[in-house]
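Single-letter residue listing:
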Amino acid sequence: MKLRFCIVLSVLPLFFCGGDEAPEPDASRRAALPAAPIYAGDSAVVVHSSQERAGYRGPVLVFVNRIRDLFQSGLNMKVGSQHCPLEIVIGDKSDGDKSVLTARLRDSRGNLRERIELPDPEASDLDRLRRVVAVAFLRVWMVEAGGTDESMQDLPNWLIDGVVRHMHSGSRQSDLDRTYALWSDGALPPAERLYAFESEVAGQEPAVAAVLAGWFLEKRARAFKQLLRDASGGIEWSVANISELLAKNFAGDFDRMLDLRMLELGRRVIEPGLTTEGIVSRFRSELLLFPTDYGMIFSRTNTYCSFERAIGLAELPAVRKAAHFQALRIRAAAAGRDGTLLALSEEYARFLRELALGESPERMPVMLEQAERKRRELEEYLAQGAVLRRRFQ
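Going along each chain's sequence as written, the residues are numbered from 1 onward. With the structure being a predicted model, the display of local features is reserved for residues of pLDDT at least 70 and the display and counting of side-chain atom pairs for 80 or more, all residues being used for whole-chain, interface and lining totals. By convention in this description, side-chain values take in all heavy atoms of the structure and omit both hydrogens and water.

1. Some remarks on the sheet that holds strand β2 (residues 45–48)
Backbone-to-backbone hydrogen bonds pair the strands of a sheet. The strands run either parallel or antiparallel. Taken together, the five strands give an open sheet; going across it, the order is β1-β2-β3-β5-β4, and neighbouring strands pair in mixed fashion. Both edges of this open sheet fall to β1 (38–39) and β4 (101–106), since each of them pairs with a single strand only. Should any heavy atoms of two residues lie within 4.5 Å, those residues are counted as being in contact. Comment: axis = line fitted to C-alpha atoms, over the contacting stretch for helices; angle = value between 0 and 180 degrees taken between N-to-C directions. Helical segments are the DSSP runs of H or I of at least four residues, strand segments are the runs of E of at least two, and each set is numbered from the N terminus. Here helix α2 (residues 57–75) sits on the sheet in contact with β1, β2, β3 (86–90) and β5 (112–118), set at roughly 155° to β2. Here, strands pair whenever DSSP counts at least two bridges between them.

2. Regarding the pattern of salt bridges
A side chain of one charge can pair with a side chain of the opposite charge when the charged atoms of the two come close. Counted as salt bridges are all cases of a side-chain nitrogen of Lys or Arg within 4 Å of a carboxyl oxygen of Asp or Glu. All told, the structure shown has 23 salt bridges when counted by the stated rule. Across the pair E271 and R389 runs a salt bridge whose closest N-O atoms are separated by 2.9 Å. Taken together, the residues E271 in the loop between α11 (254–267) and β6 (274–275) and R389 in strand β9 (residues 388–389) connect sequence positions 118 residues apart. Take R389: its relative accessible area is 42%, and that puts it in the partly exposed class. Between buried and exposed lies partly exposed: a residue is buried under 20% and exposed over 50% of the maximum accessible area for its type, with that area taken using a 1.4 Å probe on protein chains only.

3. Looking at helix α9 (residues 222–232)
One turn of an α-helix holds 3.6 residues; hence residues three or four places apart share an orientation. Looking only at α9, the buried set comprises A223, F224, L227, L228, D230, A231 and S232. Of the surrounding secondary structure, the elements contacted by the buried residues of α9 are α2, α3 (126–144), α4 (157–167), α8 (206–217) and α10 (239–247). Two residues or fewer after α9 comes G234, characterised by a positive phi angle close to 100°.

4. Regarding the packing of aromatic side chains
Pairs of aromatic rings are described using the distance from one ring centre to the other and the angle between the two planes. The pairing test for Phe, Tyr and Trp rings, Trp by its six-membered ring, is centres within 6.5 Å, and the orientation test on the planes gives stacked under 30 degrees, edge-to-face over 60, and tilted for anything in between. Taken as a whole and assessed by the stated rule, the structure comprises twelve aromatic pairs. Pairwise contacts between aromatic rings join W158, Y195, W215, F216, W237 and F254 into one cluster. The cationic tip of R282 hangs over the ring face of Y180; the distance from NZ or CZ to the ring centre is 5.0 Å. Remark: a charge is flagged as sitting over a ring if the NZ atom of Lys or the CZ atom of Arg is within 6 Å of the ring centre and within 35 degrees of the ring normal.

5. Comments concerning the layout of surface pockets
For the second largest pocket, the calculated volume is near 330 Å³. Using a grid of 1 Å spacing that covers the protein atoms alone, one calls a set of points a cavity when a 1.4 Å probe fits there but cannot get out, and a pocket when the set is open and has protein on both sides within 12 Å along at least five of seven lines; lining residues are those with an atom within 4 Å of a point. Around the second largest pocket, the lining is made up of 15 residues, and of these G266, R267, R282, E286 and A333 lie nearest the centre. Only Asp, Glu, Lys and Arg are considered charged, only Ala, Val, Leu, Ile, Met, Phe, Trp, Tyr, Cys and Pro nonpolar, and every remaining residue, Gly among them, polar. Each residue belonging to the lining of the second largest pocket can be placed in one class, and the counts come to eight nonpolar, two polar and five charged. Grid points are joined across faces, edges and corners, and a volume is the space filled by probe spheres set on the points.

6. Quick look at the side chain of D230
Tracing the chain through its elements places D230 in helix α9. Within the buried set, D230 has no salt-bridge partner at all; the shortest N-O distance to an opposite charge, 7.6 Å, is to R229. Contacts of D230, omitting those with residues within four sequence positions, involve I235 and N241. The charge count treats Lys and Arg as positive and Asp and Glu as negative. His and the chain ends do not count.

7. Some thoughts on the nonpolar core
Across soluble globular proteins, nonpolar side chains have a tendency to be buried as a group. Note on terminology: a nonpolar core comprises buried Ala, Val, Leu, Ile, Met, Phe, Trp, Tyr and Cys residues joined through side-chain atoms within 4.5 Å. Y195, F216 and F224 are the most contacted members of the largest nonpolar core, which has 73 residues in total. It is α3 that provides the largest number of residues to this core, a total of twelve residues. Setting aside residues no more than four positions away along its own chain, Y195 makes contact with W158, L212, W215, F216, W237, V239, I242, L246 and F254. Core analysis: the second largest hydrophobic core is formed by 32 residues, I279, L287, A310 and L355 among them.

8. With respect to the pairing of β5
By the criterion of burial, β5 is predominantly enclosed, with five of the seven residues buried. As judged from the five bridges shared by β3 and β5, these two strands associate in the parallel manner. Of the residues in β5, the one forming a bridge with L86 is E114. Inspection of the sheet shows β4 paired to β5 by six bridges, in the antiparallel sense.

9. With respect to empty space enclosed by the protein
Applying the stated criterion across every chain yields a total of two cavities of 30 Å³ or more. Its boundaries defined by the atoms lining it, the largest cavity holds a volume of some 50 Å³. Around the largest cavity, the lining residues are D154, L155, L227, D230, A231, I235, E236, W237, S238, N241 and I242. Counting only elements with at least two residues in the lining of the largest cavity, the list comes to α9 and α10. When the residues that make up the lining of the largest cavity are grouped by side-chain class, the tally is six nonpolar, two polar and three charged.

10. Notes on the confidence of the model for the chain
Looking at the chain as a whole, its pLDDT mean stands at 85, while 87% of the residues score no less than 70. Note on scores: pLDDT gives the predictor's confidence for each residue, bounded by 0 and 100. Under a pLDDT of 50 for its full length, residues 2–20 has, in the predicted model, 41 contacts with residues more than four places off or in other chains.

11. Structural notes on a negative patch on the surface
Taken together, E192, D253, D255 and D259 make up a surface patch of like negative charges. Residue placement: D253 occurs in the loop between α10 and α11. Distance thresholds for patches are 9 Å for like charges and 5 Å for nonpolar side chains (Val, Leu, Ile, Met, Phe, Trp, Tyr), applied to residues having over 30% relative accessible area and no salt bridge. Computed by Shrake-Rupley with a 1.4 Å probe, the accessible areas treat only the displayed protein chains as cover when residues are assessed. By convention, the point assigned to a charge is CZ for Arg, NZ for Lys, CD for Glu and CG for Asp.

The following block contains the structure:
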């Protein structure tokens, strides 16, 4: 995010009047005259247009205010200021121009204004507009925090993109699924490289950028506010500073905190009643027993066994105890998901309770196979891009 000022010494009036009697403009000239600007309630946003494009002012102001509301709720801080207003200028082009132009201006009275221009409002790239509005509000906040042209430092592009994406919750579950899969496959670099200013992974993976940005925002924006204050005051982005903001309770062990963060996110219910392919993949990781936690030793390198193998070891106390507690963990892994996964978790839990009791060993293979078959069917269905949702009243 470029925070340097782009200074224009003055913004001149658009029209001058000369003489006592001006001729009545024709219809096309009247359409080109400026319409009265409209303002947000606190005058922190103003929208300009010509008479011809006056009908776009309201929808554009609503769009910008919605982004502002998302920021204020998501960041838990006020954005926008009448002392440094955001100015939206709607152009008169109708040629499909998708561009969204930005500048920082200083008017004739010395007041700063963030300006966004939409040459053709019908064709403007809404994702681009969403991003530049977010950047403008962050710049305004940093100016209000004491930032100057000389002191303000850039923030990584991936962080800004991640903040904007995180604000729109529709992609949060898919972003988590993608990031968790990369992490569990060992495809994410160490935290020092992941949070670098020019982070290669966060720059190429929008989902990863959103998850990393979410770490700042979920601390009720305290870390993000401090990050903005530091950048306003001239402190450049550094992994050491980021580690202090995010992992100060972990004695600087940034990698360890990142791992714990990913484990916690893997269990989180972002949308109640939702089951995705990624959620079922993480559920499958619970389908193992760890009798070594209860005193049993397989070998120096093997600490777990499959459910199928556990059936043949059902007479061992450590296996029974592991089965008892794994039944609880499996039910917890499906908590908050849709009814299909909840029912599947109950089938596995019933099998594990039978295993824990050591009764009716002839039934256990049948119970396990039924659960495994239903799991495979569910995975095949979700692998096609489907999701399952349970609607709550």
